[in-house]
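Here is how the chains run, residue by residue.
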Amino acid sequence: MAQRRADCGILDVRMNQDNECFVCSLQSGIRVFNVDPMVSLRAFPASLVGSARLTEMQHRTNRIAFVGGDSAPLLGDNVVAMLDAHTSKLSAAYTMTNRVLNVRMLRNMICICIVDQIVIYSLDSPAQVLRSFHTKSNPQGLCIVTRSTADRCLLAFPATARPGRLQLENLNAIQPSTASTSSAPPVVIDAHQHDVACAVFNSSGTMVATASEHGTLIRVHDTASRALLIELRRGSEPASIFCLNFSETSDFLCAASDKGTVHVFSVKDGSLNTRGTLGVIGSWVGVDAQWSLAKFTVPSECECQCSFIGDNSVVALCVDGTIHRYSFSLDGKCHRELYDVVIDRY
């Protein structure tokens, strides 16, 4: 989730679960775009939805969840509204006890995150509360879910007790028809020394990539065994990681940060990554670090979302309204395929 005010009026940019579409939350409403080819799909004006602070699509269905904000919100910042994109009408609303920080949708559930709790509702009518999880203070609203098509339906959020831990909850046992509260014991991954700031599952839900608020290292763990699969180095200086994303095959991982660089790493074949020698810092940094296979630049300090198109092309969607698409080769060369300003042209 990328959130920072830009001159073009974009408050948030987010990919859908399949990385095939993206949605812009605007001062003037909501816009939905297709990624490849880059075309505008739908526009919902402020007269219908108000100014939108964050928006979540449900794959390519008609369900769009949004939270108002900025100068002219339709509803309070503690309310998630559900928009039917086919009828252009509001179909439901979920009211929380505090400001909504994040929203994630599955096929039959919606997960709503506030500062110290995540509540899961059914998408049936009327909505039912299926589960709720109390979390440590989570002001960034870190909350991720696997795709609805994944073998395991997982939810992840910062675990309590100490920094750097990620808690995984198996949602397979939660069914809207029964509102069952039974579930397998949570899995806790000790991922970093500092608080986890960004995380993402791969398409099958078998791996999770994380970056801490320090932003120098990215670690990929197995979600079942909790084993560390690979450690990747973004850089030696602290940075804010805005986005992580796996390729569809999980062969590669991309990462965007406030340094104005999008990095591409090889996950399954570490020999493709650039190797660099570092001095040991504590017990968490290896001497032989794996740096990115390839990288390209975007506007510095501009928050963005990045994702793969196929296995050799990456698109970065920035909150200044710019779109950047680069292909990369296994020898680390990048070639710009597209640059555009989405709000101006579409």
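Just so we're clear, the structure is a prediction, and the values are computed from it rather than from any experiment.

**Student:** Is there a simple way to explain the overall build of the protein chain in this structure?
**Tutor:** Scanning the protein chain for helices and strands turns up two helices and 30 strands. Buried residues in the protein chain amount to 56% of all 346 residues. Of the roughly 13,900 Å² of accessible surface on the protein chain, a fraction of 48% belongs to carbon and sulfur atoms.

**Student:** Just checking my understanding: could you explain unusual backbone geometry for this structure?
**Tutor:** The phi torsion of most residues other than glycine is negative, and most of the peptide bonds are trans. Cis geometry marks the peptide bond from aspartate 36 to proline 37; its omega dihedral reads 5 degrees. Tracing the chain through its elements places proline 37 in the loop between strand E3 (29-34) and strand E4 (39-45). In this structure, serine 250 is a non-glycine residue whose phi angle is positive, near 70 degrees. Within the secondary structure, serine 250 sits in the loop between strand E21 (241-246) and strand E22 (252-257).

**Student:** Is there a simple way to think about the side chain of serine 51 in this case?
**Tutor:** As for its position among the elements, serine 51 is in strand E5 (residues 50-57). Residue classification places serine 51 among the buried positions, given a relative accessible area of 0%. Polar contacts involving the side chain of serine 51 include one to the main-chain carbonyl oxygen of glycine 69, which spans 2.3 Å. Once you skip the residues sitting within four places of it in the chain, serine 51 turns out to touch Leu26, Gln27, Gly68, Gly69, Asp70, Ser71, Ala72 and Pro73.

**Student:** Is there a simple way to think about the sheet that holds E4 in this case?
**Tutor:** Within a sheet, neighbouring strands are paired by backbone hydrogen bonds and run either parallel or antiparallel to one another. As summarised here, the arrangement of the four strands in space is E1-E2-E3-E4, forming an open sheet in which the pairing is antiparallel. In this open sheet, the two edge strands, each paired with only one partner strand, are strand E1 (10-15) and E4. The mean inter-strand angle of the sheet, taken between neighbouring strand axes irrespective of direction, is 15 degrees. The sheet contact formed by strand E2 (residues 21-26) and E3 spans six bridges and is antiparallel. Across the sheet, serine 25 pairs through a bridge with isoleucine 30, a residue of E3.

**Student:** Any chance you could explain a nonpolar patch on the surface here in plain terms?
**Tutor:** A surface patch of nonpolar side chains, amounting to about 220 Å² of accessible area, comprises Leu74, Leu75 and Leu90. Summarising the element assignment, leucine 74 is placed in the loop between strand E6 (63-73) and strand E7 (79-84). Assessed through its relative accessible area of 37%, leucine 74 is described here as partly exposed.

**Student:** I keep staring at the pattern of salt bridges and nothing clicks. Help me out?
**Tutor:** Side chains carrying opposite charge are able to pair once their charged atoms draw close together. According to the stated counting rule, one finds twelve salt bridges in the structure shown. A salt bridge links arginine 14 to glutamate 56; its shortest N-O distance comes to 2.6 Å. One end of the pair, arginine 14, is in strand E1; the other, glutamate 56, is in strand E5, with 42 residues separating them in the sequence. As a salt-bridge pair, arginine 147 and glutamate 248 come within 3.0 Å of each other at their nearest N and O atoms. Here the residue arginine 147 occupies a position in the loop between strand E13 (144-145) and strand E14 (154-158), and glutamate 248 occupies one in the loop between E21 and E22, the gap between them amounting to 101 residues. Overall, arginine 147 belongs to the buried group, its relative accessible area being 14%. Connected through shared salt-bridge partners, Arg14, Glu56 and Arg104 make up one network.

**Student:** Looking at this structure, I do not really get the side chain of serine 203. What am I missing?
**Tutor:** Along the chain, serine 203 falls in the loop between strand E17 (196-201) and strand E18 (207-212). Its relative accessible area of 17% is what places serine 203 among the buried residues. Of note is the side chain of serine 203, whose polar atom sits 3.1 Å from the backbone oxygen of glutamate 248.

Basis of the calculations
- Residues numbered from 1 in each chain as written.
- Predicted model: local features only at pLDDT ≥ 70, side-chain atom pairs only at ≥ 80, totals over all residues.
- Heavy atoms only, no water.
- Helix = DSSP H or I, 4+ residues; strand = E, 2+ residues; numbered from the N terminus.
- Buried < 20%, exposed > 50% of the residue type's maximum accessible area, 1.4 Å probe, protein only.
- Areas by Shrake-Rupley, 256 points an atom, 1.4 Å probe, with all protein chains shown as cover.
- Polar contact = N/O pair within 3.5 Å; in protein donor to acceptor, adjacent residues only side chain to side chain.
- Contact = heavy atoms within 4.5 Å.
- Pairing = 2+ DSSP bridges.
- Axes fitted to C-alpha atoms, helices over the stretch in contact; angles between N-to-C directions.
- Patch = residues over 30% accessible without salt bridge, like charges linked within 9 Å, V, L, I, M, F, W, Y side chains within 5 Å.
- Salt bridge = Lys/Arg side-chain N within 4 Å of Asp/Glu carboxyl O.

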